[in-house]
Amino acid sequence: MSSPDPVLDANLAIALDALLAEHSVTRAAARLHTSPAAMSRTLARLRRTLQDPLLVRAGQTMVPTPRAQALREEAAAVVGSLRALLSPGTGVDPAGLRGTFTLQAADLVGAALAPGLLRLGRQEAPGVSFRFRAEELEAGTALRDGRIDLEIGSIDHVDPETQVEDLVGLRMMAAVRPGHPLTEGPLTPAGLAAAPHVAVSRRGRFSGPLDTALAEQNLRRRVTFTLPGHLAAMTLAAHSDVVCLVPAALPGAAPSPLTDNATALGLRLLDIPLALPPLTVGMAWHPRHAADGAHRWLRDAVRRILRTPTNPTT
């Protein structure tokens, strides 16, 4: 039967390093903020453990034995490794990152993030790749299991372990093609309700907050199409008379990249004359990634893209 492994005491390694560096019990004690008596007891324990006197008297000083001299560099290296192991993590150099980040987001959010992530990846972290998944997974479970690294969008699931950060507040606007009848005068609730609409819903729902606001004024809109993503809905609005709802920056705020595709399609954005609930885009991640340097770079990149005006890709 094999004997159990001996118990390792990291404090002995630290004391050995101090004694071999100082060649003095008193100075080693001061270095480690302990008493000379306690350091003398530790030296005696080290002598018993290593079966070597380590430091011996030579007049008024102490000199290391050959065994102590052989251990000097190794002891310093061990203590350095212990300090690195037990120190808070430091920031990483994005240029040295390698690997793939998996993000889950709606198509409109993914389209808004992709150009910025491409630009920041090229400039700061060229070894990083990005994989976007549609909103197909239960985010809390997928974050916990590591199937996705970050969820971006309207974070509505309740999971006490998930960390959530709000990124930007938005409002919904009505997007229509140039020359649409709704652009000929001030938009009214009745005019908005009378126009044909395309709704965006992953679950195929025809109603939403706009319908609730219209119902309060005894109005009801006519939804002629329901599509699972905003990009398809905006494309349909650009080539027909249907109205599509698009998230946009709050009044007075910097333009949001979430409206870039609507602008590229030539859509006109109209203020909705109804009180609609605010929309918040945030990001969620599992706490095991909270202190990870690579994941912190990813979260900072998402912040910079969604909280600042868009820049041309380079």
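Residues numbered from 1 in each chain as written. Predicted model: local features only at pLDDT ≥ 70, side-chain atom pairs only at ≥ 80, totals over all residues. Heavy atoms only, no water.

Enquirer: I tried to follow the confidence of the model for the protein chain on my own but got confused; where do I start?
Expert: Low pLDDT means the predicted coordinates in that region are not meant to be read closely. Chain-level statistics for the protein chain give a pLDDT mean of 87 and a share of 90% at 70 or above. Scored below 50 in pLDDT, residues 309-314 shows eleven contacts in the model against residues more than four places distant or in partner chains. (pLDDT = per-residue confidence, 0-100. Contact = heavy atoms within 4.5 Å.)

Enquirer: Explanation requested: the pattern of salt bridges in the structure shown.
Expert: Evaluation of the coordinates by the stated rule reveals 13 salt bridges. Of the charged contacts in the structure, one is a salt bridge between Arg31 and Asp17, with a shortest N-O distance of 3.7 Å. Here Asp17 lies in helix H1 (residues 10-22) and Arg31 lies in helix H2 (residues 25-31), a separation of 14 residues in the sequence. Of the residues examined, Arg31 reaches a relative accessible area of 36% and is grouped as partly exposed. (Salt bridge = Lys/Arg side-chain N within 4 Å of Asp/Glu carboxyl O. Helix = DSSP H or I, 4+ residues; strand = E, 2+ residues; numbered from the N terminus. Buried < 20%, exposed > 50% of the residue type's maximum accessible area, 1.4 Å probe, protein only.)

Enquirer: Help me understand the packing of H1 against helix H3 (residues 36-50) in this model?
Expert: Describing two packed helices takes the angle between their axes plus the distance from one axis to the other. Taken N-terminus to C-terminus, the directions of H1 and H3 make an angle of 105°; their axes are 10 Å apart at the nearest point. The angle between the axes of H1 and H3 places the two elements in the roughly perpendicular class. When H1 is examined against H3, the residues Leu12, Ala15, Leu16 and Leu19 are found in contact with a partner set consisting of Met39, Thr42, Leu43, Arg45, Leu46 and Leu50. Residue classes in the contact of H1 with H3 are distributed as eight nonpolar, one polar and one charged. (Axes fitted to C-alpha atoms, helices over the stretch in contact; angles between N-to-C directions. Parallel < 35°, antiparallel > 145°, perpendicular 65-115°, else oblique. Nonpolar A, V, L, I, M, F, W, Y, C, P; charged D, E, K, R; others polar.)

Enquirer: So what exactly am I meant to see when it comes to the nonpolar core here?
Expert: One broad rule of soluble globular proteins: the nonpolar side chains tend to lie buried together. One finds Leu103, Leu113, Leu150, Ile152, Trp297, Val302 and Leu306 to be the most contacted residues of the largest nonpolar core, which totals 39 residues. Secondary structure elements with two or more residues in this core: strand S3 (99-104), helix H5 (107-124), strand S5 (150-153), strand S6 (163-176), helix H9 (230-238), strand S9 (243-249), strand S11 (279-285) and helix H11 (293-307). When residues of this core are assigned to their parent elements, the largest contribution, seven residues, is made by H11. Dropping the residues within four chain positions of it, Ile152 is found in contact with Leu103, Gln104, Ala105, Ala106, Val109, Leu113, Leu167, Val281, Gly282, Met283, Val302 and Leu306. Residues Leu20, Ala29, Leu54 and Met62 belong to the second largest nonpolar core, which totals 18 residues. (Core = buried A, V, L, I, M, F, W, Y, C linked by side-chain atoms within 4.5 Å.)

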